[in-house]
Amino acid sequence: MTFIHRLTLALTLLAMACGTAEPPSGGRTPQTDTLALSTLSVRGTSSASGVARTTLTLDTPTGTEAGDVLVVQLTNRENVGAVATAPAGWTFLRSEQSASAIKSWLFVRVATAAEPAAHTFSIDLESSMAGSMVAVAGADPTQPIDVHLGQKNGNSASLALPASNVSSEGAMAVWFSSQVWGGSSCPGVHTPPSGFTELFDTCLVSSSRGVLHSAAFSELGAPGPQPAFTGSSTLPNTNITHAVVLRPAVTSPSPGIALVGTTHASGKGITSLTIDTPEEALPGDVLLAQLANRNHVEAEITPPAGWTLVRSDMSSWSIRSWIFVRVVGSSEPATHTFTSSVASYLIGNVLAYRGADPLQPVDAHTGKANSGSQTFATPQLTTASSDTTAVWFGAQAWTGATCPSPSIEPPSGFDEDYDRCLVSSSQGLIFNAASRELGAAGAQPTFNGSSAFAETNVAQVVALRRPQAPPTSGVAFRGSSQAQATSTSGLNLARPAGSEAGDVLIARVALRNNIEATVTPPAGWTFLDSQQSAWALRTWIFYRVTGSSEPSSYAFTFDVTANAVGSLDAFSGADPDAPIDAFSGQKNGNAMSLTAPDVVTTSTQGLAVWLGTQVYDDTACPSARIEPPLGFTETLDTCLVSSNGLLYATAHRALTAPGLQTGLSGSSPYPNTNTAHVVVLRAADAPACIASDTYASSYTVQGTVVAPEIIEPSGLGASRVLEGAIYVHNEDTTDIVAISALDASTIGTFEVTNVTPADWEDLATGPCPSGSCIFIGDIGRWSANFPPGENPTSFAVYRIPEPDLANGQTSGGLVAEAFPFVYPDGPKDAESLMVHPVTGDIYVITKSSSGLSGVYRFPNPLPTPGVQSTLVHVADLQLPTTDDPNFSSATSAAIHPCAERFLLRTYRTVYEFRAAPGQGFESAFFATPIPLTDTQEGQGEAIEYEANGASYFTMSEAPSPFRLKRVPVHSP
């Protein structure tokens, strides 16, 4: 959910005249005088009604323009089991119903440049129907809905709604009411909520099946909790009330990022620390957490679910500081507990910021430890976007019985956010945070703080970026349908109206209390996932690509009789040959959080589809039901009414860059067992190879290598035969392990035969006569395998056909072919090997503490295996240097799958060299090295691009455990 700030441009409000009767086919409501109010304005309304109907046509309000948001409430009398179908392009929001008398649906649409003059809605059971349409100008066309509400009120004169919590400033609430009534003329008896302006108050005339319906609107102002939008009627009849809160469009830059609250906790000799959520935090706000400890820099901090590590910096032994980030959800926990692998003196702070981009809040970050110093020095920060806000953190070792005064002074120009201490006679800490707005993107001045004490300290800076243009996807929502029944052995799910050949359909089926059941889909459907609780709930997810001749519905059958619900969503623009990019699912026991596990995507322009299902037992659908994850557009939110009932919802969100996708947790007001699934659809026109000049400013730890064969990892290589597999090898043994890019779990373990390692230093994959091969560089000169005082003068690269991972080969021997070589200018030490993904050219890059590395290439074509080659010198690379020789010693390299750049890492840093446009790959050797996101490794010796270029992975040779880290590309 993008947090929108107040917009200052005043537009006009068009108030609509109220008619006393309406024709059965509907009519346009004329405009009245305009009233200047806010950036959101009512453009017009229309309404229609009729008895004994299965369709109802609503005119598009006069004056509607492209980008306007259209909201419709549709109501019927008596046939509450009816299912309503909207025309193509409309999105279902919610539905409410009484036991037998009245049912109401809410739909939304963004008007197009070729908007039709009218829209026809249909229901599957003939009944009395009434409908209202309101057109609103100035709403966000990409994410128009901030929140929506609905409630049935039985035999009541109160047109009641529950209270709401709005996240957008300057939003507008559009309010609808429908009430059971019978009579020969419209009485006009509805009064909207306090502060609302009535748009119309009219009716469907019928002696026994009439409907009163009205609409109103109100500007809401500041975000946050709202009073209940409750109107009234002079008649105590059953009614349904709805409200839609529309988010204003971003038409000018937001006013900036503001601190709204902080909290703090500390403890001595502890392994966990619980920090409160700042009470001022609202959904969409960004939380930064700083944690620091004393005298246990080897400790690792594990954050709660939903937090992402930004960076960690440490001194040699006395102090370490971590920074984490999180976006506030719709049901944010009151506290967050961080755990430490080692008991230590620990402090923690959480800061809440409003106005940062909730999808990608961190633009850049930097930090370092300063030994025995009064200066809190940080390396220079380079931002990728303008108008960011820098948040500066300082933590310093200190001892004393009280907090010192003065304490830490933040850098010049920063406003102090907090200044605190942990009192201790031997292991105390003082810590400080401050922030300031930055201007243009690019290199920023160094931000150095200070204190009165010459003690070891850590200084860190995080740049938060403001909201960016929302992502777009090549995949679009087409429509949805649903079905539900008690004591049934199957469900028929209707094909959504407007779906066409090549669309992708996603079906969800859920059963109560029959988790042992088997669900059989119709022919042509593919099973994706199933999740289940111990006994109460089980869900299944299927998908299908539609053909040129499709049935009107699909019958899913069960081998048991059970209470069941199902939904079907249709999407256009997905890849018909490989529509599923990624998926995940999870059961959540007795929880208000509907959490789906994170997924790693591989393509751009994807669309995430979220499906939540929850146990719910009552005689009516609750007014407050499932809320999807932040930023998702809801297409379904309804329930099966029963003592063994279910709530179920569906939503979708366009994704930005491929890679790790987080924030997939929805919520509900009820702590009941639930399941949540995510299916990511791959766009049909998504490029197979992704190149970006910007990477995320933080990394994620994908997982830890558990294979016992890996004891000294020195190289990584992405498989070319199985998506999501990465090879890792040891420096001096013949073991190769294939691991998952998602969590570093073991896929296969292999032994290289026909070779004895000398000093294996790097690994790559690339083309070869057999299709795809693994290349291992036996290119080092300093190994325990060499006799004392002896170093090799000739070296070798070994070529091994990739194992058939895609068809289940997970073990065995891999036969190597040797390609020995010498350098043209004498023996070198090298640890970096890379293979061109198209030509198959093999490159070796030498290692030097001076940062001057030579680039050498094998002859092409390669000689016969076993025949020695003399490499060709291509170029020399000068890497930046510092007093630390590890900063500039090249340890691993990889060529991008687009073949127009390469990565080169040292023990401490990561660089990318980019070829000049139109100049060929080898022009990259003469490019200026671009520093990329540091993955904070003590002895970084392995690097590789993701198979499609969407990220890069790193791993450290020491210390154990060996963690696979990932940095995705970043789309500003």
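My aim in this report is to walk through the structure given alongside it, one point at a time. (Residues numbered from 1 in each chain as written. Predicted model: local features only at pLDDT ≥ 70, side-chain atom pairs only at ≥ 80, totals over all residues. Heavy atoms only, no water.)

**Some details on the environment of D419**
Tracing the backbone shows D419 in strand β27 (residues 415-422). Distance in space between the C-alpha atoms of D419 and P406 is 9.8 Å, their sequence separation being 13 residues. Setting aside its immediate chain neighbours within four residues, D419 contacts S407, I408, F431 and N432. At 3.2 Å, the side chain of D419 forms a polar contact with the side chain of S407. (Helix = DSSP H or I, 4+ residues; strand = E, 2+ residues; numbered from the N terminus. Contact = heavy atoms within 4.5 Å. Polar contact = N/O pair within 3.5 Å; in protein donor to acceptor, adjacent residues only side chain to side chain.)

**Section: the sheet that holds strand β52 (residues 813-815)**
Taking strand neighbours across the sheet as the criterion, the 5 strands line up as β45-β46-β47-β48-β52 in an open arrangement whose pairing is mixed. Lying at the two open borders of the sheet, with one neighbouring strand each, are β45 (713-718) and β52. Geometrically, the sheet is characterised by an average inter-axis angle of 30° between neighbouring strands, direction not taken into account. When β45 meets strand β46 (residues 725-730), the two strands line up antiparallel, connected through 5 bridges. Looking across to β46, one finds that G715 is bridged to H729. (Pairing = 2+ DSSP bridges. Axes fitted to C-alpha atoms, helices over the stretch in contact; angles between N-to-C directions.)

**Points about the pairing of β45**
Among the 6 residues that make up β45, 6 are buried, leaving the element largely enclosed by the rest of the structure. What sits between β45 and β46 in their antiparallel hairpin is a turn of 6 residues, with G724 showing a positive phi close to 85°. (Buried < 20%, exposed > 50% of the residue type's maximum accessible area, 1.4 Å probe, protein only.)

**Here we look at the sheet that holds strand β59 (residues 890-895)**
Pairing in this open sheet of 4 strands is antiparallel, and the strands run β59-β60-β61-β62 from one edge to the other. Strands with a single pairing partner mark the edges of an open sheet, and in this sheet they are β59 and β62 (930-931). The pairing of strand β60 (residues 901-906) with strand β61 (residues 910-914) spans 5 bridges and is antiparallel. Looking at β61, one finds that L904 is bridged to Y911.

**Quick look at unusual backbone geometry**
Cis geometry is adopted by the peptide bond preceding P406, which originates at S405 and carries an omega value of 0°. Tracing the chain through its elements places P406 in the loop between β26 (389-400) and β27. Geometrically, the link from N860 to P861 is a cis peptide bond, its omega value of 10° lying close to zero. Mapped onto the secondary structure, P861 falls in the loop between β56 (852-857) and β57 (869-870).

**Quick word on the state of the cysteines**
All chains considered together, the criterion is met by 5 disulfides. Disulfide partner of C621: C639, at an S-S distance of 1.8 Å. Around the S-S axis, the bridge from C621 to C639 shows a dihedral of about -105° and counts as left-handed. In this pair, C621 sits in the loop between β39 (607-618) and β40 (633-640) while C639 sits in strand β40, placing the two residues 18 residues apart along the sequence. Judged by its relative accessible area of 2%, C639 falls in the buried class. Disulfide partner of C768: C773, at an S-S distance of 2.1 Å. On the S-S bond that ties C768 to C773, the torsion sits near 75°, and the link is right-handed. Each member of the pair, C768 as well as C773, is classed as buried. Described in terms of the sequence order of its bonded cysteines, the disulfide pattern of the protein chain is 1-2, 3-4, 5-6, 7-10, 8-9. (Disulfide = S-S within 2.5 Å.)

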